[in-house]
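# Per-entry structural report
This is what each chain is made of:
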Amino acid sequence: MNDITVGQYYPVDSPMHRLDPRTKLKGVFLYVMGLFFVNNLYGYGIAFILLCVCVACSKVPISYVLRSLKPILMVIVFTSIINLVWTQGNVVWQMGFIKITDSGISLAANMAARLVLIITGSSLLTLTTTTVALTDGIEMLLRKVPLLSKVSHEIGMMMSIALSFIPTLTEELDRIVKAQKSRGADFESGNIAARAKAMIPILVPLFVSAIQRASELAMAMESRCYTGGTNRTRMKELKYRPADHLSMTCLVAALAACYFTKALV
Amino acid sequence: MKTMIRLEAASFSYDEADSSKTALDDINLEFCEGEFIGIAGHNGSGKSTLAKLLNGLLLPTKGDVTVLGMNTKNENEIKEIRRNVGMVFQNPDNQMIATIVEEDVAFGPENLGKPPYEIRDTVDESLALVGMAEYKDKRPSQLSGGQKQRIAIAGVLAMKPKCIIFDESTAMLDPQGRKELLDTMHRLNAEEGVTIIHITHYMEELITASRIIALNEGKVAFDKTPRDAFSDLSALSPLNLAAPEVVQIADGLKIAGFPIEGTALSCEELVEAIWQLKQSL
Ligand SMILES: Nc1ncnc2c1ncn2[C@@H]1O[C@H](COP(=O)(O)OP(=O)(O)OP(=O)(O)O)[C@@H](O)[C@H]1O
Ligand SMILES: [Mg+2]
């Protein structure tokens, strides 16, 4: 649980925290989409500055934001290496059969920059938005999507519950693993098949307990008058404020600038 | 006193095919407003089933349960019934719906369709009532078990219920947490006039109740005041219930040949009784 920052809220009060979750969701969506059109240094520069401004506005410590990169660091390194050695182009450096080409370098740099920006950008969303606000925002946005509008509340509720159960189930998993180990279970040795088989005594109790918890939670929700999304109000209603319009405009302007950097090169 | 909840010949069976295997069998009970009712019984005696009948989470297979005159079988009134009869469960982790304390407390009033500003007020009020106002922005995982249970109470209080059922809510707490929760229950009962139904295995938690109802194999074994219940310990042991320590000490003294007067329920009462006995000797 210690390494996963995605889904971890950092509780401080900041302009970024106060933005409407819908603005942040749309913003991250646009940002990620926008990054796929960027292909030069200037564009990444603007995207990077944009991200830095957002991080500064969020008052979340840099170290905290960077922590979200740790789980995918290997992925970034791996894809970069693959891109470096596998791309055809003009050879700039060669050792034995390993050739590094100019287009390989540019592709690897592009991919790495994109991944880093996307991951930090989207983890900034979850760092500055409570899961409740996040699921509310998703629910409200889904209401406008034609096929999903009818089930938007259910989807929002499901996500919110799934997120709030992660810490409990992680603890449970830990307990089960310890319990099975103390009975002599061995998860570390043997081939893949043997190890997969060793997971069964962990997964079965985990599922059983998850289902039991879910049924108890359903009882608790029902006894607190939950009857689905109809006639339900919210304590914190989502409302766009001037800051939301302003930041949306800035974001679109910055992304447009990113796009038009193509003309520079 | 006004009747809060009434059970009339209520039976319940989990097995739809074979309704002779009853978890509750022909229960007739009446709970009045402002009472503090203790429910005891061994594992599987039907306490949780009874609790779930009281706010319509389960419907009696035979007989009726009425809450403030509303039958739990009436689907149109089930929301009103559940608003009036709140429930706090045993495991605090399995009743937290939101990831932030105040959002969790707001869940009930939100379901009732209250306007946002009103929800804000009731949430703050309910958190203050359980003494957790300063924790409103915390995550439930940052709280102790006892604190989580108090949040669960606040969540129920936010619906302004007339009655709260605690189904073994003290079972997973340490002595300190148990004491705090029990104090909260008594305060709500005395100051806010909330009817409390407290299900527990710890008989010493029921000394201060207005009534103790013992269940055995789905039937009501007895329904007495604590003093009457603990004056006859031979009635407790077949139900697998252990009397509170003070009562056991007094009983031990009686057996050892010291004729102590009455039934002492607290340490002070026992000391008083022993003192009186000493003076009369
Ligand atoms: N979901 C269920 N399905 C089938 N049978 C059940 C179910 N829940 C409880 N029972 C049975 O109903 C009877 C009463 O159970 P109940 O949970 O009401 O007891 P309890 O007094 O609350 O016990 P405990 O002290 O363990 O909480 C038991 O015999 C139990 O096996
Ligand atoms: Mg029970």
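Our subject is the structure that appears above.
Residues numbered from 1 in each chain as written. Chains lettered and ligands numbered in written order. Predicted model: local features only at pLDDT ≥ 70, side-chain atom pairs only at ≥ 80, totals over all residues. Heavy atoms only, no water.

## Notes on the pattern of salt bridges
Enumeration over the complete set of coordinates arrives at 31 salt bridges over all chains. A salt bridge links Glu110(B) to Arg234(A); the nearest nitrogen and oxygen atoms lie 3.4 Å apart. Taken together, the residues span two chains, with Glu110(B) in helix α3 (residues 101–111) and Arg234(A) in the loop between α9 (192–223) and α10 (242–260). Exposure remark for Glu110(B): the relative accessible area of 2% places this residue in the buried category. (Salt bridge = Lys/Arg side-chain N within 4 Å of Asp/Glu carboxyl O. Helix = DSSP H or I, 4+ residues; strand = E, 2+ residues; numbered from the N terminus. Buried < 20%, exposed > 50% of the residue type's maximum accessible area, 1.4 Å probe, protein only.)

## As for the site of ligand 1
Residues and elements named next belong to chain B. Taken together, Tyr14, Ala23, His42, Asn43, Gly44, Ser45, Gly46, Lys47, Ser48, Thr49, Glu168 and His201 form the complete shell of residues around ligand 1. Interatomic distance of 3.5 Å between a side-chain N/O atom of Tyr14 and a nitrogen atom of ligand 1. One nitrogen or oxygen atom from the side chain of Lys47 is found 2.6 Å from an oxygen atom belonging to ligand 1. Relative to its unbound accessible area of 640 Å², ligand 1 is 55% covered by the protein chains. By residue class, the composition of the shell around ligand 1 is two nonpolar, eight polar and two charged. (Near = heavy atom within 4 Å. Polar contact = N/O pair within 3.5 Å; in protein donor to acceptor, adjacent residues only side chain to side chain. Areas by Shrake-Rupley, 256 points an atom, 1.4 Å probe, with all protein chains shown as cover. Nonpolar A, V, L, I, M, F, W, Y, C, P; charged D, E, K, R; others polar.)

## Focus: the environment of Ala56(A)
Relative to the assigned elements, Ala56(A) resides in helix α3 (residues 41–58). Accessibility expressed as a relative area gives 59% for Ala56(A), which makes it exposed.

## Quick look at the environment of Lys162(B)
Residue and element names in this part refer to chain B. Among the structural elements, Lys162 can be located in the loop between α5 (145–157) and β7 (163–167). The exposure class assigned to Lys162 is partly exposed, which follows from its relative accessible area of 36%. In this structure the C-alpha to C-alpha distance between Lys162 and Leu265, which are 103 residues apart in sequence, comes to 28 Å. Apart from residues no more than four positions distant in its own chain, Lys162 is found in contact with Met4, Glu33, Leu68, Asn84, Gly193, Val194 and Thr195. (Contact = heavy atoms within 4.5 Å.)

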